[in-house]
Amino acid sequence: MTGDTAARVLAQEGLRHIEDAILMVLDSHPDGLRNSQIADLLGLRSSILDGQRNYLTYSVQGGLMAGGEVAQNRETKVFSKVEATR
């Protein structure tokens, strides 16, 4: 395995851990949470000079939304876990 491949595997594993942590937090808060609350609870609060805040958790939630696992109320900006239907 090349260094690039090993790095990609490690990054994808880390992404899965962050996704699982977000889903776990949302499981504990059925009324949902704002991104800043999720970032605080997971210890992933961040900011950069141009004012973007907590982009890591926001970006990961975007992937979870695309996969149908998380939804966001656009008015309240609250994220919640989507219940699986069978």
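Computed from a predicted structure; not experimentally measured.

What counts and how
Residues numbered from 1 in each chain as written. Predicted model: local features only at pLDDT ≥ 70, side-chain atom pairs only at ≥ 80, totals over all residues. Heavy atoms only, no water. Pairing = 2+ DSSP bridges. Helix = DSSP H or I, 4+ residues; strand = E, 2+ residues; numbered from the N terminus. Contact = heavy atoms within 4.5 Å. Axes fitted to C-alpha atoms, helices over the stretch in contact; angles between N-to-C directions. Polar contact = N/O pair within 3.5 Å; in protein donor to acceptor, adjacent residues only side chain to side chain. Phe/Tyr/Trp six-rings, centres within 6.5 Å; stacked < 30°, edge-to-face > 60°. Buried < 20%, exposed > 50% of the residue type's maximum accessible area, 1.4 Å probe, protein only. Salt bridge = Lys/Arg side-chain N within 4 Å of Asp/Glu carboxyl O.

Caption draft 1: Geometry of the pairing of strand S2 (residues 70–73). Pairing between S2 and strand S3 (residues 78–81): four bridges, direction antiparallel. Within S3, the position partnered with Gln-72 by the bridge is Phe-79. Between S2 and S3, which follow one another and run antiparallel, lie four residues, and Lys-77 among them has a positive phi close to 60°.

Caption draft 2: Region of the structure containing the sheet that holds strand S1 (residues 33–34). The strand order across the open sheet built from three strands is S1-S3-S2, with neighbouring strands paired in antiparallel fashion. Of all strands in the sheet, those with a lone pairing partner are S1 and S2, marking the two edges. Bridging between S1 and S3 involves two bridges; their strand directions are antiparallel. Considered in S3, the bridge of Arg-34 is made with Val-78. Its contacts with the sheet put helix H3 (residues 55–66) on S2 and S3, and the angle it makes with S2 is roughly 110°.

Caption draft 3: Examining the side chain of Gln-61 more closely. Looking at where Gln-61 falls in the secondary structure, it is placed in helix H3. Only 2.7 Å separates the side chain of Gln-61 from the side chain of Asn-35, close enough to count as a polar contact. Ignoring sequence-local partners within four residues, the contact set of Gln-61 consists of Ile-22, Asn-35, Ile-38 and Phe-79.

Caption draft 4: Structural detail: the packing of aromatic side chains. The tally for this structure, following the rule as stated, stands at one aromatic pair. Between Tyr-58 and Phe-79, the ring centres sit 6.1 Å apart and the planes meet at 80°, which makes this aromatic pair edge-to-face. Note that Tyr-58 is positioned in helix H3 and Phe-79 in strand S3, a separation of 21 residues in sequence. Take Tyr-58: its relative accessible area is 42%, and that puts it in the partly exposed class.

Caption draft 5: Spatial organisation of the pattern of salt bridges. By the definition in use, this model includes two salt bridges. The shortest N-O distance in the salt bridge between Asp-27 and Lys-81 comes to 3.1 Å. Here Lys-81 lies in strand S3 and Asp-27 lies in helix H1 (residues 3–28), a separation of 54 residues in the sequence. A relative accessible area of 30% places Lys-81 in the partly exposed class.

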